[in-house]
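# Inside the fold
What follows is each chain in one-letter form.
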Amino acid sequence: NQWMNLIGLNKQGMEKSKSKSGGRTRTFIIAFMGALILNFVLAHFVAYATATSFLDGAQIGFWLWLGFATPILLGSTLWEGKPWGAYLINAAYYLFSLIIVSGLFAVW
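Nothing here was measured: the structure is a model prediction, and the numbers come from that model. (Residues numbered from 1 in each chain as written. Predicted model: local features only at pLDDT ≥ 70, side-chain atom pairs only at ≥ 80, totals over all residues. Heavy atoms only, no water.)

Ranked by size, the top nonpolar core spans 12 residues in total: L42, V46, A51, I60, L64, W65, A69, L73, Y87, A91, L98 and A106. Secondary structure elements with two or more residues in this core: α3 (24-48), α4 (54-80) and α5 (84-107). Per element, the largest residue contribution to this core is 5 residues, and it comes from α4. The residues touching I60, leaving out its near neighbours within four places in the chain, are F45, V46, A49 and A51. (Core = buried A, V, L, I, M, F, W, Y, C linked by side-chain atoms within 4.5 Å. Buried < 20%, exposed > 50% of the residue type's maximum accessible area, 1.4 Å probe, protein only. Helix = DSSP H or I, 4+ residues; strand = E, 2+ residues; numbered from the N terminus. Contact = heavy atoms within 4.5 Å.)

Next comes the structure, spelled out in structure tokens:
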């Protein structure tokens, strides 16, 4: 809810975007495909770095977050005029996701 408030999205806006984007099912399918691609590439980074412990994998996730996710999110915050609160929520989400998944890939 806080994220929705920060970016100015409400239930009416979500319904409007749902009709524009072809529905929620299509949105979830595309988001899922994006997540699969991200995790496929992430697994290759972990394998390439020969990480074998959760901590090794988590460290890779952290550096990928710092080097890739935060600058991209920062650009959208600065150039698209998104609020800093939304940036922090999105950055924390990617930090947590990349660290956990990279750690799991390392021990898997």
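This brings us to the pattern of salt bridges. Scanning the entire structure with this criterion turns up 1 salt bridge. Between E80 and K82 there is a salt bridge, with the nearest N and O atoms lying 3.2 Å from each other. On the accessibility criterion, K82 (38% relative accessible area) is partly exposed. (Salt bridge = Lys/Arg side-chain N within 4 Å of Asp/Glu carboxyl O.)

What follows covers the side chain of T70. Here T70 lies in helix α4. Judged by its relative accessible area of 9%, T70 falls in the buried class. Setting aside chain neighbours within four positions, we find T70 in contact with W65 and Y87.

Now for the packing of aromatic side chains. For any two aromatic rings, the description comes down to two numbers: the centre-to-centre distance and the angle of the planes. This structure, assessed with the given rule, holds 5 aromatic pairs. Look at F62 and W65: their rings are 5.8 Å apart centre to centre, the planes differ by 40°, and that puts the pair in the tilted class. Of this pair, F62 and W65 both sit in helix α4, 3 residues apart, roughly one helical turn. According to the relative accessible area criterion, F62 is partly exposed, its value standing at 29%. W65 sits in the buried class, given a relative accessible area of 13%. With a centroid separation of 5.1 Å and an interplanar angle of 75°, the aromatic rings of Y93 and Y94 are classed as edge-to-face. Aromatic rings pair up to connect F62, W63 and W65 into one cluster. (Phe/Tyr/Trp six-rings, centres within 6.5 Å; stacked < 30°, edge-to-face > 60°.)

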